[in-house]
2 protein chains.
Amino acid sequence: MQAGKQISVTPLRGMPLFAPGMSVAGEVMAALLAEGDVVRSGDIVVVAQKIVSKSEGRLVRLADVAPGDVARALAAKTGREPEMAQLILDESIEILRATPAAIIARHRCGHVLANAGIDASNVEHGVLLWPLDPDASARAIRAEFAAKWGVSPAVVIADSLGRAWRIGTVGAAIGAAGLTLLDDQRGMGQDLFGRTLQATVIAVADGIAAAAVLAMGEGAEGTPAAIVRGCAQWVTDDDGPGAASGLRALAEDMFR
Amino acid sequence: MQAGKQISVTPLRGMPLFAPGMSVAGEVMAALLAEGDVVRSGDIVVVAQKIVSKSEGRLVRLADVAPGDVARALAAKTGREPEMAQLILDESIEILRATPAAIIARHRCGHVLANAGIDASNVEHGVLLWPLDPDASARAIRAEFAAKWGVSPAVVIADSLGRAWRIGTVGAAIGAAGLTLLDDQRGMGQDLFGRTLQATVIAVADGIAAAAVLAMGEGAEGTPAAIVRGCAQWVTDDDGPGAASGLRALAEDMFR
């Protein structure tokens, strides 16, 4: 970590509404070009999950979902549409808690979150599922920057997640490519008094996502992408293992 | 939320080592003045918990702690010094989990975290406890800015906290004054397609702290304060209820 460097987080104005097949990398680059700027290697491009999902055609109409018995029971218990309950089950590997207030699920990708990440806002005629594999999506977006413009920014796909014990959501990285996900400083150096640093693993990707989601905002005023600069020390040549590698196995969750 | 605004996070170089009685507000202002800058109303001043604790004399020598029987049992179970276990008990209202890997406690102030926030790094001859009341500390720092220089920045006291399910730490607000802690957009507006936004409560103070802690860094290279700009829409005239108001009661924790 180089301290003393300023970090800037710039939300991108003028991003279009996304439809299946549209290029996330292309629209990010176009939005920056419109402001006389350009994506560079060393930048971190943060994009909202919803535009990645839309570009990948992850919109589902509830009328097209056939709920089974387990979904009907979950729906009755939680006061949801059976079709929504079926989608949550389809997207999850484990339901951790189910009440009318929230269904907390472990998503197929490993993340623990409300409603398996299914977002019913800002979606005209259906609900939006997460990308099938957000880390693969991040790698694909990064590859497009490299192929079309010869630049290798880091790419982070962000969503707003709830937390245990704390009210409200913060941005978190659900997909990542080309970024040091965890900056592990355990035993990597000495502090001001010569002790070895203890148990310091910085969740870089989540911190970047938190900052970007604040700048991007929510809802009608929101912009679905941002550029984070001043963090080039964490941008890597390799794509790296992705955001899923920053999740604890449930059995190892010290907070459980 | 006004979208489209750039957020900048600037760590402050040249901060001194802190000792009891030193002024956090004074040293932040001095560090900015040294760079030809100044703290302004609308800024968010983020300071690391450790300098607030040091300025408040929250350093404890383990040799001065007399561990009781409960602490000795906790120490034996977790492989810690009995004196450290006693301090963790003294600082907590509930121990949620105790293993050699981590003692997860609900701090007196309500936050859930490892080792009750007691930091044994960067402390020459002892361990550092959290401020007695971090929200009160934030209000006092803010009041000093107002009294001495007539400016009213928001003040956030940040620490790096572990999370359930996710590896590594991110910055979180453990004390706050003059900041919209939670931006509650439930039913506050309509999204792009006219639906009411659902269940969107943005944890502003934690997002700010996450961004600032990334910029501040850890350990020998770390700087213990940062200025966040571009977020004036969340800076309030009143001090507000503080970071403790952003915590769920354990009984209401949907993720538990």
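Participant: Outline the sheet that holds strand β4 (residues 92-98) of chain A, listing residues and values.
Facilitator: Residues and elements named next belong to chain A. Read across the open sheet, the three strands follow the order β4-β5-β6; overall the sheet is antiparallel. Since the sheet does not close on itself, it has two edges, and those belong to β4 and β6 (112-114), each with one partner. When strand polarity is set aside, the average angle formed by the axes of neighbouring strands in this sheet is 30 degrees. Note that strand β5 (residues 103-107) and β6 share three bridges and pair antiparallel. Its bridge partner lying in β6, Arg106 is registered against Val112. Where helix α4 (residues 82-91) meets the sheet, it contacts β4 and β5, and its direction lies at approximately 125 degrees from that of β4.

Participant: Quick rundown of the packing of aromatic side chains? Include the residues and the values.
Facilitator: Residues and elements named next belong to chain A. For the structure shown, the criterion picks out two aromatic pairs over all chains. Here Phe145 and Trp149 contribute two aromatic rings whose centre-to-centre distance is 5.8 Å and whose plane-to-plane angle is 45 degrees, an arrangement assigned as tilted. Of this pair, Phe145 and Trp149 both sit in helix α5 (residues 134-149), four residues apart, which is roughly one turn of the helix. We classify Trp149 as partly exposed; its relative accessible area is 35%.

Participant: Provide a residue-level description of the pairing of strand β1 (residues 7-11) of chain B, including the pertinent values.
Facilitator: With four of five residues buried, β1(B) lies mostly within the body of the structure. Note that strand β1 (residues 7-11) of chain A and β1(B) share three bridges and pair antiparallel. Residue pairing across strands places A:Ser8 opposite B:Ser8, the latter belonging to β1(B). Pairing analysis gives four bridges linking β1(B) to strand β12 (residues 225-229) of chain B, with the strands arranged antiparallel. By the bridge assignment, B:Val9 is partnered in β12(B) with B:Val228.

Participant: Could you give me a rundown of the pattern of salt bridges, with the residues and numbers involved?
Facilitator: Summed over the entire model, instances satisfying the criterion amount to 22 salt bridges over all chains. Between B:Arg166 and A:Asp206 there is a salt bridge, with the nearest N and O atoms lying 2.9 Å from each other. In this pair, B:Arg166 is assigned in the loop between β8 (154-162) and β9 (169-177) and A:Asp206 in helix α6 (residues 204-216), connecting two distinct chains. Accessibility assignment for this pair places B:Arg166 and A:Asp206 in one class, buried. Of the charged contacts, one joins B:Arg40 and B:Asp37 as a salt bridge, the two residues approaching to 3.2 Å between their closest N and O atoms. Accessibility expressed as a relative area gives 42% for B:Arg40, which makes it partly exposed.

Participant: Account for α5(A), naming residues and giving values.
Facilitator: Within an α-helix, residues lying three or four positions from one another point in the same direction, as the helix has 3.6 residues per turn. Residue and element names in this part refer to chain A. Over its 16 residues, α5 extends 22 Å from the first C-alpha to the last, a length consistent with the 22 Å expected when each residue adds 1.5 Å. Three or more residues of α5 are buried, namely Pro134, Asp135, Ser137, Ala138, Ile141, Arg142 and Phe145. Projected down its long axis, α5 carries its buried residues within an arc of 165 degrees, all on one side. At the C-terminal side of α5, Gly150 shows a positive phi close to 70 degrees.

Participant: Pulling in residues and values, what's your account of empty space enclosed by the protein?
Facilitator: Counted by the stated rule, this structure contains six cavities of 30 Å³ or more. Considering only enclosed or pocket space, the largest cavity measures out at about 370 Å³ in volume. In terms of lining, the largest cavity is formed by 27 residues, of which the most central are A:Arg163, A:Arg166, A:Val170, B:Arg163 and B:Val170. Across the lining of the largest cavity, the residue classes break down as 15 nonpolar, six polar and six charged.

Participant: Before we move on, could you go through the confidence of the model for chain A and cite the residues and values that matter?
Facilitator: Residue and element names in this part refer to chain A. Per-chain confidence: chain A averages 89 in pLDDT, with 87% of residues scoring 70 or above. The least confident element of chain A, judged by mean pLDDT, is strand β10 (residues 182-184) at 88; the most confident is α5 at 98. A low-confidence stretch, residues 191-197 (pLDDT under 50), is modelled with 24 contacts involving residues beyond four sequence positions or located in other chains. Per the prediction output, this complex has pTM 0.93; the corresponding ipTM is 0.92.

Participant: So, helix α4 (residues 82-91) of chain B: which residues are in play, and what are the values?
Facilitator: Those residues of α4(B) not exposed but buried are B:Met84, B:Ala85, B:Gln86, B:Leu87, B:Ile88 and B:Glu91. Turning to α4(B), the residues buried within the fold contact β3 (59-60), α3 (69-78), β4 (92-98), β5 (103-107) and β7 (127-128) of chain B.

Participant: So, the environment of B:Ala164: which residues are in play, and what are the values?
Facilitator: Its place among the elements puts B:Ala164 in the loop between β8 and β9. Each C-alpha atom, one on B:Ala164 and one on B:Ala48, is 22 Å from the other, the two residues being 116 residues apart in sequence.

Participant: Quick rundown of unusual backbone geometry? Include the residues and the values.
Facilitator: In this structure, A:Trp165 is a non-glycine residue whose phi angle is positive, near 75 degrees. Along the chain, the position of A:Trp165 falls in the loop between β8 (154-162) and β9 (169-177). Although it is not a glycine, B:Asn115 sits at a positive phi angle of roughly 55 degrees. Mapped onto the fold, B:Asn115 is located in the loop between β6 (112-114) and β7.

Reading the values: the criteria
Residues numbered from 1 in each chain as written. Chains lettered and ligands numbered in written order. Predicted model: local features only at pLDDT ≥ 70, side-chain atom pairs only at ≥ 80, totals over all residues. Heavy atoms only, no water. Pairing = 2+ DSSP bridges. Helix = DSSP H or I, 4+ residues; strand = E, 2+ residues; numbered from the N terminus. Axes fitted to C-alpha atoms, helices over the stretch in contact; angles between N-to-C directions. Contact = heavy atoms within 4.5 Å. Phe/Tyr/Trp six-rings, centres within 6.5 Å; stacked < 30°, edge-to-face > 60°. Buried < 20%, exposed > 50% of the residue type's maximum accessible area, 1.4 Å probe, protein only. Salt bridge = Lys/Arg side-chain N within 4 Å of Asp/Glu carboxyl O. Expected span 1.5 Å × (residues − 1). Arc of directions from axis to C-beta. 1 Å grid on protein atoms, 1.4 Å probe; cavity = no way out; pocket = protein on both sides within 12 Å on 5 of 7 lines; lining within 4 Å. Points joined across faces, edges and corners; volume = space filled by probe spheres on them. Nonpolar A, V, L, I, M, F, W, Y, C, P; charged D, E, K, R; others polar. pLDDT = per-residue confidence, 0-100.

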